[in-house]
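Residue-level listing of the chains:
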Amino acid sequence: MANHAMSPNTDAAGRGRAARSSAEAAVMAVERRGCVVREMNSSNLNQRDEAETSTKSFAITKRMVYEAWKRVKANRGAAGVDEESIAQFEGNLSRNLYKLWNRMASGSYFPPPVREVRIPKHSGGVRMLGVPTVADRIAQAVVKEHFEPLLEPYFDEDSYGYRPGRSAKQAVGVTRKRCWRFDWVLEFDIRGAFDNLDHDLLMKAVRKHADCRWVVLYIERWLKAPAMTDSGELRERVRGTPQGGVISPVLMNLFMHYAFDRWIRKVAPDVRFARYADDAVVHCSSERQAQLVKRLIAARFAACGLELHPEKTRIVYCRDANRTGKYPLTQFTFLGFTFRPRFARSAAGVQFTSFLPAVSQQAAKRMRRQIRWWHLSRHTSATLNDLAEMFDPTLTGWWNYYGEYCGSAMGTIFQHFDKALAFWVRRKFQTPEPASYP
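Here's what I pulled together on the structure shown here. (Residues numbered from 1 in each chain as written. Predicted model: local features only at pLDDT ≥ 70, side-chain atom pairs only at ≥ 80, totals over all residues. Heavy atoms only, no water.)

Overview of the side chain of R178
- Locating R178 in the fold gives a position in helix α7 (residues 168–181).
- Looking at R178, the relative accessible area reads 13%, which means it is buried. (Helix = DSSP H or I, 4+ residues; strand = E, 2+ residues; numbered from the N terminus. Buried < 20%, exposed > 50% of the residue type's maximum accessible area, 1.4 Å probe, protein only.)

Next up, the structure:
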(Lines give C-alpha, C1' and ligand atoms only; values in the text may rest on other atoms or scores of the structure.)
Protein backbone atom coordinates (compact mmCIF):
# COMPACT_ATOMS: atom_id res chain seq x y z
CA MET A 1 0.00 0.00 0.00
CA ALA A 2 1.38 3.38 -0.85
CA ASN A 3 3.08 5.24 1.97
CA HIS A 4 0.93 8.31 1.69
CA ALA A 5 -2.17 6.17 2.26
CA MET A 6 -0.84 5.13 5.64
CA SER A 7 0.56 8.51 6.70
CA PRO A 8 0.21 9.38 10.41
CA ASN A 9 -2.35 12.10 9.83
CA THR A 10 -5.85 11.07 8.89
CA ASP A 11 -8.32 12.93 6.72
CA ALA A 12 -10.45 13.89 9.70
CA ALA A 13 -9.43 17.54 9.56
CA GLY A 14 -10.63 17.75 5.97
CA ARG A 15 -14.08 16.71 7.16
CA GLY A 16 -14.40 19.39 9.79
CA ARG A 17 -13.03 17.41 12.73
CA ALA A 18 -9.79 17.56 14.64
CA ALA A 19 -7.07 15.53 12.95
CA ARG A 20 -5.81 12.47 14.77
CA SER A 21 -2.36 10.95 14.59
CA SER A 22 -0.49 7.95 15.88
CA ALA A 23 1.05 10.19 18.55
CA GLU A 24 -2.38 11.09 19.91
CA ALA A 25 -2.09 8.51 22.69
CA ALA A 26 0.67 10.58 24.28
CA VAL A 27 -1.76 13.48 24.63
CA MET A 28 -4.75 11.48 25.76
CA ALA A 29 -4.83 10.03 29.27
CA VAL A 30 -3.83 6.47 28.52
CA GLU A 31 -4.17 4.49 31.70
CA ARG A 32 -1.73 1.79 32.74
CA ARG A 33 -3.88 -1.09 31.48
CA GLY A 34 -3.21 -0.11 27.88
CA CYS A 35 -6.56 1.42 27.01
CA VAL A 36 -8.32 4.76 27.15
CA VAL A 37 -11.20 3.93 29.50
CA ARG A 38 -14.51 5.10 28.13
CA GLU A 39 -17.07 6.88 30.26
CA MET A 40 -19.33 4.29 31.86
CA ASN A 41 -22.80 4.51 33.33
CA SER A 42 -22.81 4.83 37.09
CA SER A 43 -24.74 1.62 37.69
CA ASN A 44 -23.56 -0.71 40.43
CA LEU A 45 -22.82 -3.44 37.89
CA ASN A 46 -20.50 -1.29 35.84
CA GLN A 47 -18.77 0.02 38.95
CA ARG A 48 -18.20 -3.54 40.10
CA ASP A 49 -16.88 -4.49 36.66
CA GLU A 50 -14.39 -1.63 36.71
CA ALA A 51 -13.20 -2.66 40.16
CA GLU A 52 -12.72 -6.24 39.00
CA THR A 53 -10.66 -5.18 35.97
CA SER A 54 -8.39 -2.90 37.97
CA THR A 55 -5.95 -5.75 38.58
CA LYS A 56 -6.11 -7.03 34.99
CA SER A 57 -3.80 -6.13 32.14
CA PHE A 58 -6.59 -4.78 29.94
CA ALA A 59 -9.75 -2.80 30.71
CA ILE A 60 -12.18 -5.40 29.38
CA THR A 61 -15.22 -5.65 31.63
CA LYS A 62 -17.62 -8.51 32.21
CA ARG A 63 -20.37 -6.29 30.88
CA MET A 64 -18.57 -6.01 27.53
CA VAL A 65 -18.29 -9.79 27.29
CA TYR A 66 -21.94 -10.32 28.25
CA GLU A 67 -23.23 -7.79 25.72
CA ALA A 68 -21.08 -9.47 23.05
CA TRP A 69 -22.61 -12.83 23.97
CA LYS A 70 -26.13 -11.46 23.47
CA ARG A 71 -25.25 -10.27 19.97
CA VAL A 72 -23.63 -13.58 19.03
CA LYS A 73 -26.64 -15.51 20.32
CA ALA A 74 -29.02 -13.32 18.31
CA ASN A 75 -27.01 -13.90 15.13
CA ARG A 76 -26.91 -17.67 15.75
CA GLY A 77 -24.42 -19.58 13.59
CA ALA A 78 -22.80 -23.01 13.35
CA ALA A 79 -20.35 -24.65 15.73
CA GLY A 80 -16.60 -24.26 15.29
CA VAL A 81 -13.77 -26.77 15.58
CA ASP A 82 -14.83 -27.70 19.12
CA GLU A 83 -18.30 -28.69 17.81
CA GLU A 84 -19.91 -26.68 20.61
CA SER A 85 -23.21 -25.11 19.59
CA ILE A 86 -24.68 -21.91 20.99
CA ALA A 87 -27.18 -23.97 23.02
CA GLN A 88 -24.38 -26.05 24.52
CA PHE A 89 -22.35 -22.94 25.31
CA GLU A 90 -25.38 -21.43 27.02
CA GLY A 91 -25.81 -24.56 29.11
CA ASN A 92 -22.86 -23.43 31.26
CA LEU A 93 -23.03 -19.76 30.40
CA SER A 94 -21.72 -18.20 33.61
CA ARG A 95 -18.59 -20.34 33.70
CA ASN A 96 -17.90 -19.99 29.97
CA LEU A 97 -18.25 -16.21 29.96
CA TYR A 98 -16.14 -15.83 33.08
CA LYS A 99 -13.35 -17.94 31.62
CA LEU A 100 -13.41 -15.93 28.39
CA TRP A 101 -13.43 -12.59 30.24
CA ASN A 102 -10.60 -13.66 32.53
CA ARG A 103 -8.39 -14.67 29.63
CA MET A 104 -9.15 -11.60 27.51
CA ALA A 105 -8.66 -9.16 30.37
CA SER A 106 -5.34 -10.76 31.34
CA GLY A 107 -4.03 -10.94 27.77
CA SER A 108 -3.81 -14.74 27.78
CA TYR A 109 -6.59 -15.43 25.27
CA PHE A 110 -5.44 -17.22 22.12
CA PRO A 111 -8.03 -17.99 19.45
CA PRO A 112 -8.53 -21.63 18.43
CA PRO A 113 -8.30 -22.67 14.76
CA VAL A 114 -11.11 -21.64 12.44
CA ARG A 115 -13.19 -24.39 10.85
CA GLU A 116 -13.14 -24.17 7.05
CA VAL A 117 -16.42 -24.72 5.23
CA ARG A 118 -16.68 -24.85 1.45
CA ILE A 119 -19.70 -22.94 0.16
CA PRO A 120 -20.57 -23.46 -3.54
CA LYS A 121 -20.81 -20.21 -5.50
CA HIS A 122 -23.77 -19.61 -7.77
CA SER A 123 -21.34 -18.56 -10.51
CA GLY A 124 -19.27 -21.72 -10.07
CA GLY A 125 -16.38 -22.65 -7.81
CA VAL A 126 -16.41 -22.53 -4.03
CA ARG A 127 -16.08 -19.87 -1.36
CA MET A 128 -14.07 -20.69 1.75
CA LEU A 129 -16.03 -19.73 4.85
CA GLY A 130 -14.22 -19.64 8.19
CA VAL A 131 -16.38 -20.59 11.19
CA PRO A 132 -14.96 -19.59 14.60
CA THR A 133 -16.03 -21.25 17.83
CA VAL A 134 -18.84 -19.66 19.83
CA ALA A 135 -16.40 -18.33 22.44
CA ASP A 136 -14.17 -16.90 19.75
CA ARG A 137 -17.11 -15.16 18.10
CA ILE A 138 -17.89 -13.53 21.45
CA ALA A 139 -14.27 -12.42 21.82
CA GLN A 140 -14.31 -10.95 18.33
CA ALA A 141 -17.58 -9.17 19.09
CA VAL A 142 -15.96 -7.55 22.15
CA VAL A 143 -13.17 -6.14 19.98
CA LYS A 144 -15.52 -5.17 17.17
CA GLU A 145 -17.83 -3.18 19.44
CA HIS A 146 -14.88 -1.20 20.77
CA PHE A 147 -12.94 -0.77 17.52
CA GLU A 148 -15.71 -0.12 14.99
CA PRO A 149 -16.88 3.23 16.49
CA LEU A 150 -13.30 4.49 16.29
CA LEU A 151 -13.20 3.80 12.54
CA GLU A 152 -16.65 5.03 11.54
CA PRO A 153 -15.78 8.77 11.47
CA TYR A 154 -13.02 8.09 8.93
CA PHE A 155 -14.82 5.74 6.56
CA ASP A 156 -16.05 7.12 3.25
CA GLU A 157 -19.69 8.09 2.75
CA ASP A 158 -19.85 5.83 -0.32
CA SER A 159 -18.78 2.71 1.60
CA TYR A 160 -21.97 0.79 2.43
CA GLY A 161 -20.98 -2.75 3.40
CA TYR A 162 -21.23 -4.02 6.99
CA ARG A 163 -21.57 -0.57 8.51
CA PRO A 164 -24.07 0.70 11.11
CA GLY A 165 -26.90 2.65 9.53
CA ARG A 166 -25.88 1.71 5.96
CA SER A 167 -27.26 -0.99 3.71
CA ALA A 168 -27.03 -2.59 0.30
CA LYS A 169 -30.36 -1.01 -0.65
CA GLN A 170 -28.90 2.44 -0.07
CA ALA A 171 -25.95 1.58 -2.34
CA VAL A 172 -28.36 0.45 -5.07
CA GLY A 173 -30.36 3.67 -4.75
CA VAL A 174 -27.27 5.87 -5.06
CA THR A 175 -26.03 3.85 -8.03
CA ARG A 176 -29.43 4.20 -9.74
CA LYS A 177 -29.29 7.99 -9.58
CA ARG A 178 -25.68 8.20 -10.70
CA CYS A 179 -26.33 5.99 -13.72
CA TRP A 180 -28.60 8.79 -14.97
CA ARG A 181 -25.82 11.38 -14.55
CA PHE A 182 -22.83 9.40 -15.82
CA ASP A 183 -22.76 7.58 -19.16
CA TRP A 184 -20.31 4.84 -18.17
CA VAL A 185 -19.92 2.42 -15.28
CA LEU A 186 -16.87 0.39 -14.32
CA GLU A 187 -18.10 -2.68 -12.46
CA PHE A 188 -15.41 -4.58 -10.56
CA ASP A 189 -14.99 -7.38 -8.06
CA ILE A 190 -11.83 -8.48 -6.24
CA ARG A 191 -10.77 -12.10 -6.60
CA GLY A 192 -10.77 -13.75 -3.17
CA ALA A 193 -10.62 -10.44 -1.34
CA PHE A 194 -11.08 -11.80 2.19
CA ASP A 195 -8.51 -14.53 1.57
CA ASN A 196 -5.80 -12.20 0.24
CA LEU A 197 -5.64 -9.20 2.57
CA ASP A 198 -2.01 -8.35 3.29
CA HIS A 199 -1.44 -8.76 7.04
CA ASP A 200 1.37 -6.21 7.29
CA LEU A 201 -0.62 -3.49 5.56
CA LEU A 202 -3.74 -4.32 7.52
CA MET A 203 -1.98 -4.24 10.89
CA LYS A 204 -0.39 -0.93 9.94
CA ALA A 205 -3.89 0.51 9.56
CA VAL A 206 -5.10 -1.17 12.77
CA ARG A 207 -2.26 0.33 14.80
CA LYS A 208 -3.00 3.75 13.37
CA HIS A 209 -6.61 3.78 14.59
CA ALA A 210 -6.65 1.53 17.66
CA ASP A 211 -6.62 3.26 21.05
CA CYS A 212 -6.01 0.05 23.03
CA ARG A 213 -3.14 -2.41 23.05
CA TRP A 214 -5.56 -5.30 23.42
CA VAL A 215 -7.33 -4.41 20.16
CA VAL A 216 -4.05 -4.66 18.26
CA LEU A 217 -2.99 -7.80 20.15
CA TYR A 218 -6.15 -9.80 19.52
CA ILE A 219 -6.63 -8.74 15.91
CA GLU A 220 -3.08 -9.84 15.18
CA ARG A 221 -3.73 -13.19 16.86
CA TRP A 222 -6.91 -13.72 14.86
CA LEU A 223 -5.10 -13.03 11.61
CA LYS A 224 -2.48 -15.62 12.48
CA ALA A 225 -4.88 -18.27 13.79
CA PRO A 226 -4.70 -21.41 11.60
CA ALA A 227 -7.57 -22.94 9.69
CA MET A 228 -8.73 -26.53 10.10
CA THR A 229 -9.78 -28.37 6.95
CA ASP A 230 -12.52 -30.99 6.68
CA SER A 231 -9.87 -33.70 7.13
CA GLY A 232 -8.69 -32.17 10.42
CA GLU A 233 -5.46 -30.79 8.96
CA LEU A 234 -4.26 -27.43 10.28
CA ARG A 235 -3.41 -24.92 7.58
CA GLU A 236 -1.28 -21.88 8.42
CA ARG A 237 -2.69 -18.58 7.25
CA VAL A 238 -0.23 -15.92 6.10
CA ARG A 239 -2.75 -13.72 4.28
CA GLY A 240 -6.39 -12.86 4.57
CA THR A 241 -9.03 -12.91 7.27
CA PRO A 242 -11.70 -15.64 7.55
CA GLN A 243 -14.89 -14.76 5.75
CA GLY A 244 -17.36 -15.58 8.50
CA GLY A 245 -15.51 -14.04 11.42
CA VAL A 246 -17.23 -11.30 13.42
CA ILE A 247 -14.27 -8.91 13.11
CA SER A 248 -13.54 -9.70 9.44
CA PRO A 249 -16.00 -7.22 7.84
CA VAL A 250 -14.54 -4.38 9.91
CA LEU A 251 -11.03 -5.34 8.84
CA MET A 252 -12.11 -5.55 5.20
CA ASN A 253 -13.59 -2.05 5.34
CA LEU A 254 -10.46 -0.71 7.02
CA PHE A 255 -8.20 -2.25 4.39
CA MET A 256 -10.37 -1.06 1.49
CA HIS A 257 -10.60 2.42 3.00
CA TYR A 258 -6.91 2.91 2.33
CA ALA A 259 -6.51 0.58 -0.65
CA PHE A 260 -9.41 2.09 -2.61
CA ASP A 261 -11.78 4.66 -1.07
CA ARG A 262 -9.29 7.26 0.09
CA TRP A 263 -6.95 6.58 -2.82
CA ILE A 264 -9.51 7.06 -5.61
CA ARG A 265 -10.72 10.31 -4.05
CA LYS A 266 -7.19 11.62 -4.67
CA VAL A 267 -6.30 10.17 -8.08
CA ALA A 268 -9.75 10.55 -9.71
CA PRO A 269 -11.74 13.15 -7.77
CA ASP A 270 -14.30 13.67 -10.56
CA VAL A 271 -15.58 10.06 -10.60
CA ARG A 272 -18.13 8.64 -8.19
CA PHE A 273 -18.32 5.17 -6.70
CA ALA A 274 -20.35 2.93 -4.42
CA ARG A 275 -18.62 0.07 -2.62
CA TYR A 276 -20.06 -2.80 -0.62
CA ALA A 277 -17.12 -4.73 0.89
CA ASP A 278 -15.15 -6.01 -2.14
CA ASP A 279 -17.93 -5.35 -4.69
CA ALA A 280 -18.04 -1.88 -6.24
CA VAL A 281 -19.05 0.27 -9.20
CA VAL A 282 -17.32 3.43 -10.44
CA HIS A 283 -19.20 6.02 -12.51
CA CYS A 284 -17.27 7.75 -15.31
CA SER A 285 -18.08 10.44 -17.87
CA SER A 286 -16.49 8.73 -20.89
CA GLU A 287 -15.28 5.35 -22.05
CA ARG A 288 -11.73 6.66 -22.17
CA GLN A 289 -11.93 7.75 -18.55
CA ALA A 290 -13.38 4.37 -17.57
CA GLN A 291 -10.52 2.53 -19.28
CA LEU A 292 -7.96 4.73 -17.52
CA VAL A 293 -9.60 4.25 -14.12
CA LYS A 294 -9.69 0.50 -14.68
CA ARG A 295 -5.94 0.40 -15.34
CA LEU A 296 -5.23 2.58 -12.30
CA ILE A 297 -7.37 0.41 -10.01
CA ALA A 298 -5.74 -2.79 -11.28
CA ALA A 299 -2.27 -1.35 -10.59
CA ARG A 300 -3.34 -0.07 -7.18
CA PHE A 301 -4.76 -3.40 -6.10
CA ALA A 302 -1.71 -5.25 -7.38
CA ALA A 303 0.45 -3.01 -5.19
CA CYS A 304 -1.78 -3.92 -2.24
CA GLY A 305 -1.65 -7.66 -2.94
CA LEU A 306 -5.12 -7.88 -4.53
CA GLU A 307 -6.34 -8.78 -8.01
CA LEU A 308 -9.37 -7.69 -10.02
CA HIS A 309 -11.63 -10.57 -11.00
CA PRO A 310 -11.29 -10.73 -14.81
CA GLU A 311 -14.82 -12.06 -15.41
CA LYS A 312 -16.56 -9.66 -13.03
CA THR A 313 -14.75 -6.49 -14.05
CA ARG A 314 -16.41 -4.77 -16.99
CA ILE A 315 -17.05 -1.35 -18.53
CA VAL A 316 -20.75 -0.78 -19.24
CA TYR A 317 -22.57 1.88 -21.27
CA CYS A 318 -25.72 3.27 -19.59
CA ARG A 319 -27.99 3.24 -22.63
CA ASP A 320 -31.41 4.91 -22.48
CA ALA A 321 -33.69 7.18 -24.52
CA ASN A 322 -31.16 10.03 -24.47
CA ARG A 323 -28.01 7.92 -24.77
CA THR A 324 -28.43 5.82 -27.87
CA GLY A 325 -24.85 4.77 -28.65
CA LYS A 326 -24.20 1.24 -29.88
CA TYR A 327 -21.95 -0.62 -27.44
CA PRO A 328 -21.74 -4.35 -26.65
CA LEU A 329 -22.21 -4.08 -22.87
CA THR A 330 -25.27 -2.19 -21.66
CA GLN A 331 -26.05 -3.92 -18.36
CA PHE A 332 -24.36 -4.88 -15.10
CA THR A 333 -25.36 -6.58 -11.85
CA PHE A 334 -24.68 -5.02 -8.46
CA LEU A 335 -25.88 -6.34 -5.09
CA GLY A 336 -28.54 -8.60 -6.59
CA PHE A 337 -29.95 -5.98 -9.00
CA THR A 338 -29.40 -5.91 -12.76
CA PHE A 339 -29.11 -2.38 -14.17
CA ARG A 340 -30.09 -2.16 -17.85
CA PRO A 341 -32.34 -0.24 -20.28
CA ARG A 342 -35.98 -0.72 -19.26
CA PHE A 343 -39.31 0.75 -20.21
CA ALA A 344 -40.52 3.46 -17.85
CA ARG A 345 -43.47 5.83 -17.76
CA SER A 346 -43.29 9.55 -17.03
CA ALA A 347 -45.67 11.43 -14.73
CA ALA A 348 -47.59 12.45 -17.84
CA GLY A 349 -48.02 8.82 -18.85
CA VAL A 350 -45.48 8.88 -21.68
CA GLN A 351 -43.48 5.67 -22.10
CA PHE A 352 -39.73 5.94 -22.59
CA THR A 353 -36.52 3.96 -22.07
CA SER A 354 -34.58 4.52 -18.86
CA PHE A 355 -31.55 2.83 -17.26
CA LEU A 356 -33.02 1.14 -14.19
CA PRO A 357 -32.33 -1.66 -11.67
CA ALA A 358 -34.52 -4.71 -11.05
CA VAL A 359 -34.01 -8.04 -9.35
CA SER A 360 -31.34 -10.02 -11.22
CA GLN A 361 -32.01 -13.37 -12.85
CA GLN A 362 -29.52 -15.01 -10.49
CA ALA A 363 -31.31 -13.64 -7.41
CA ALA A 364 -34.72 -14.62 -8.79
CA LYS A 365 -33.43 -18.13 -9.47
CA ARG A 366 -32.16 -18.43 -5.89
CA MET A 367 -35.54 -17.36 -4.51
CA ARG A 368 -37.44 -19.85 -6.66
CA ARG A 369 -35.02 -22.58 -5.58
CA GLN A 370 -35.62 -21.64 -1.94
CA ILE A 371 -39.39 -21.94 -2.44
CA ARG A 372 -38.92 -25.42 -3.88
CA TRP A 373 -36.72 -26.40 -0.90
CA TRP A 374 -39.54 -25.44 1.45
CA HIS A 375 -41.64 -28.35 0.07
CA LEU A 376 -44.91 -26.66 0.97
CA SER A 377 -46.97 -29.61 -0.30
CA ARG A 378 -45.56 -31.80 2.49
CA HIS A 379 -46.85 -29.53 5.28
CA THR A 380 -50.36 -30.98 5.10
CA SER A 381 -50.74 -30.99 8.88
CA ALA A 382 -50.05 -27.25 9.09
CA THR A 383 -52.69 -24.53 8.95
CA LEU A 384 -52.55 -21.43 6.80
CA ASN A 385 -51.51 -19.43 9.85
CA ASP A 386 -48.67 -21.91 10.46
CA LEU A 387 -47.42 -21.41 6.91
CA ALA A 388 -47.64 -17.64 7.30
CA GLU A 389 -45.57 -17.82 10.48
CA MET A 390 -42.96 -20.01 8.76
CA PHE A 391 -42.59 -18.22 5.43
CA ASP A 392 -43.90 -14.65 5.74
CA PRO A 393 -40.67 -13.25 7.27
CA THR A 394 -38.62 -14.50 4.31
CA LEU A 395 -41.15 -13.37 1.68
CA THR A 396 -41.42 -9.96 3.35
CA GLY A 397 -37.64 -9.63 3.43
CA TRP A 398 -37.42 -10.42 -0.28
CA TRP A 399 -40.06 -7.85 -1.11
CA ASN A 400 -38.60 -5.15 1.14
CA TYR A 401 -35.25 -5.47 -0.64
CA TYR A 402 -35.85 -6.54 -4.24
CA GLY A 403 -39.26 -4.89 -4.50
CA GLU A 404 -37.79 -1.46 -3.81
CA TYR A 405 -36.91 -0.92 -7.47
CA CYS A 406 -39.06 -2.17 -10.36
CA GLY A 407 -41.20 -4.23 -8.03
CA SER A 408 -43.17 -5.71 -10.94
CA ALA A 409 -40.13 -7.91 -11.70
CA MET A 410 -40.85 -9.75 -8.43
CA GLY A 411 -44.20 -10.92 -9.79
CA THR A 412 -42.78 -14.21 -11.07
CA ILE A 413 -41.40 -15.02 -7.61
CA PHE A 414 -44.74 -14.64 -5.87
CA GLN A 415 -46.52 -16.47 -8.70
CA HIS A 416 -44.12 -19.35 -8.06
CA PHE A 417 -45.02 -19.28 -4.37
CA ASP A 418 -48.77 -19.11 -5.20
CA LYS A 419 -48.44 -22.28 -7.31
CA ALA A 420 -46.68 -24.05 -4.46
CA LEU A 421 -49.39 -22.87 -2.06
CA ALA A 422 -52.10 -24.13 -4.44
CA PHE A 423 -50.49 -27.58 -4.41
CA TRP A 424 -50.49 -27.48 -0.61
CA VAL A 425 -54.24 -26.75 -0.64
CA ARG A 426 -54.95 -29.62 -3.03
CA ARG A 427 -52.98 -32.14 -1.02
CA LYS A 428 -54.37 -30.98 2.31
CA PHE A 429 -57.99 -31.13 1.20
CA GLN A 430 -57.57 -34.01 -1.27
CA THR A 431 -58.63 -32.05 -4.34
CA PRO A 432 -57.48 -33.11 -7.84
CA GLU A 433 -53.92 -32.02 -8.62
CA PRO A 434 -52.49 -30.84 -11.94
CA ALA A 435 -50.28 -33.27 -13.80
CA SER A 436 -47.05 -31.60 -12.71
CA TYR A 437 -45.61 -28.83 -10.58
CA PRO A 438 -42.82 -26.70 -12.03
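A few points about empty space enclosed by the protein
- The full count for this structure, using the stated rule, is one cavity of 30 Å³ or more.
- The space that makes up the largest cavity amounts to roughly 80 Å³.
- Along the lines of polarity and charge, the residues of the lining of the largest cavity split into seven nonpolar, four polar and two charged. (1 Å grid on protein atoms, 1.4 Å probe; cavity = no way out; pocket = protein on both sides within 12 Å on 5 of 7 lines; lining within 4 Å. Points joined across faces, edges and corners; volume = space filled by probe spheres on them. Nonpolar A, V, L, I, M, F, W, Y, C, P; charged D, E, K, R; others polar.)

As for α7
- Here α7 is 14 residues long and its end C-alpha atoms lie 20 Å apart, about the 20 Å a rise of 1.5 Å per residue gives.
- By the burial criterion, the buried members of α7 are A168, A171, V172, G173, T175, R178 and C179. (Expected span 1.5 Å × (residues − 1).)

As for the state of the cysteines
- What the rule picks out here adds up to zero disulfides.
- Looking at the unpaired C284, the closest cysteine sulfur is the one in C318, lying at 9.9 Å.
- Its sulfur unpaired, C318 is 4.2 Å from the next cysteine sulfur, which belongs to C179. (Disulfide = S-S within 2.5 Å.)

A short note on the pattern of salt bridges
- Applying the stated criterion across every chain, the model contains 20 salt bridges.
- One salt bridge connects E116 with R235, and the closest N-O pair in it is separated by 2.0 Å. Of this pair, E116 sits in strand β1 (residues 114–120) while R235 sits in strand β5 (residues 234–235), placing them 119 residues apart in sequence.
- The buried category is assigned to E116, whose relative accessible area is 10%. (Salt bridge = Lys/Arg side-chain N within 4 Å of Asp/Glu carboxyl O.)

Quick notes on the nonpolar core
- Among the nonpolar cores identified, the biggest contains 74 residues, and V282 and I297 are the most heavily contacted of them.
- When residues of this core are assigned to their parent elements, the largest contribution, 11 residues, is made by helix α10 (residues 248–267).
- The contacts of V282, once residues within four sequence positions are left out, are W184, V185, L186, F188, F260, I264, V271, R272, F273, V293 and I297.
- Counting residues in hydrophobic clusters, the runner-up holds 36 residues, among them F391, W398, M410 and F417. (Core = buried A, V, L, I, M, F, W, Y, C linked by side-chain atoms within 4.5 Å. Contact = heavy atoms within 4.5 Å.)

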